[in-house]
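# Summary of the model geometry
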Amino acid sequence: GENVEQHPSTLSVQEGDSAVIKCTYSDSASNYFPWYKQELGKGPQLIIDIRSNVGEKKDQRIAVTLNKTAKHFSLHITETQPEDSAVYFCASMTTDSWGKLQFGAGTQVVVTP
Amino acid sequence: EAQVTQNPRYLITVTGKKLTVTCSQNMNHEYMSWYRQDPGLGLRQIYYSMNVEVTDKGDVPEGYKVSRKEKRNFPLILESPSPNQTSLYFCASSLYGAGSSIPTDTQYFGPGTRLTVL
């Protein structure tokens, strides 16, 4: 089955700097890669996603890149702000297992003023 | 407001006492799912449902049951809870375009239920 590895497990950045979280997946049939942000005491919330026919997607300060050959995808947050502090999860889904999201273990991001 | 609701939000129980965690969504989503979240393991899928009366096992279904009698509700049932089921549980839903060539993948999560089994 699909296995998703996420690194780093914790990430501390200065406000204004960039943050990068990387995930690798094992199943070449994976074709959907969402990123979720989980704030303390809340459920995960989708912040950006990318499909396998696209190499990069941006939404204001966040972007996701996908390298299908290497089977990895990354989340980039630029100009970080204190409200970006949260746990971030990557996930993947395959064509033949629609609805079955496989999650990474999560990255605790701390943005210090 | 479009949302997924779960009840209760917090529950402390004892081993073997049957419990049900309810999940309801008001977005007319066909797909619903349950996950458990444990430190260092991310979220793992317990069960999911593609539509009413259609359910299937996820990665960690042992010790859990579900039912989908109505589109909006997807309760999670623990017939005989054990301490290793102590966890944070999330319900999620998404719009599954049955019959459509482009299923919608975005999953919306509820606020979570923290369960402790003593």
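## Considerations on the nonpolar core
Formed by 22 residues in total, the largest nonpolar core has its most connected members in Ile21, Trp35, Phe73, Leu75 and Tyr88 of chain A. Secondary-structure elements contributing two or more residues to this core are strand E2 (10-14), strand E3 (19-25), strand E4 (30-38), strand E5 (45-51), strand E7 (62-67), strand E8 (72-77), strand E9 (86-94) and strand E11 (107-112) of chain A. Among the elements that line this core, the one with the most residues is E3 of chain A, at four residues. Counting residues in hydrophobic clusters, the runner-up holds 19 residues, among them Val4, Phe74, Leu76 and Cys91 of chain B.

## Observations regarding the sheet that holds E3 of chain A
All names here are of chain A. Pairing is antiparallel in the open sheet, where five strands are placed in the order E1-E3-E8-E7-E6. Edge positions in the sheet fall to strand E1 (4-7) and strand E6 (56-59), since each has one partner strand and no second. Between one strand and the next, the sheet's axes are offset by a mean angle of 15 degrees, whatever the strand orientation. Relative to E3, E1 is paired through four bridges, and the arrangement is antiparallel. Within E3, the residue paired with Glu5 across the bridge is Thr24.

How each quantity is defined
- The residue numbering used here restarts from 1 in each chain and proceeds along that chain's sequence as written.
- Chain letters start at A and ligand numbers start at 1, both assigned in the order the entries are written.
- Whole-chain, interface and lining totals are the exception, using all residues; otherwise, since this is a predicted model, local features are given only for residues with pLDDT of at least 70 and side-chain atom pairs are given and counted only at 80 or more.
- Water and hydrogen atoms play no part in the side-chain values, which are based on all heavy atoms of the structure.
- Among buried residues, those of type Ala, Val, Leu, Ile, Met, Phe, Trp, Tyr and Cys that are joined through side-chain atoms within 4.5 Å constitute a nonpolar core.
- Exposure categories follow from relative accessible area, calculated using a 1.4 Å probe and restricted to protein chains: below 20% of the type maximum is buried, above 50% is exposed, and the middle band is partly exposed.
- A run of H or I in DSSP becomes a helix once it reaches four residues, and a run of E becomes a strand once it reaches two; helices and strands are each numbered from the N terminus.
- If DSSP finds at least two bridges between two strands, the strands pair.
- Axis lines are fitted to C-alpha atoms, over the contacting stretch for helices. Their N-to-C directions set the angle, which ranges from 0 to 180 degrees.

Geometric values such as these leave the question of function open.
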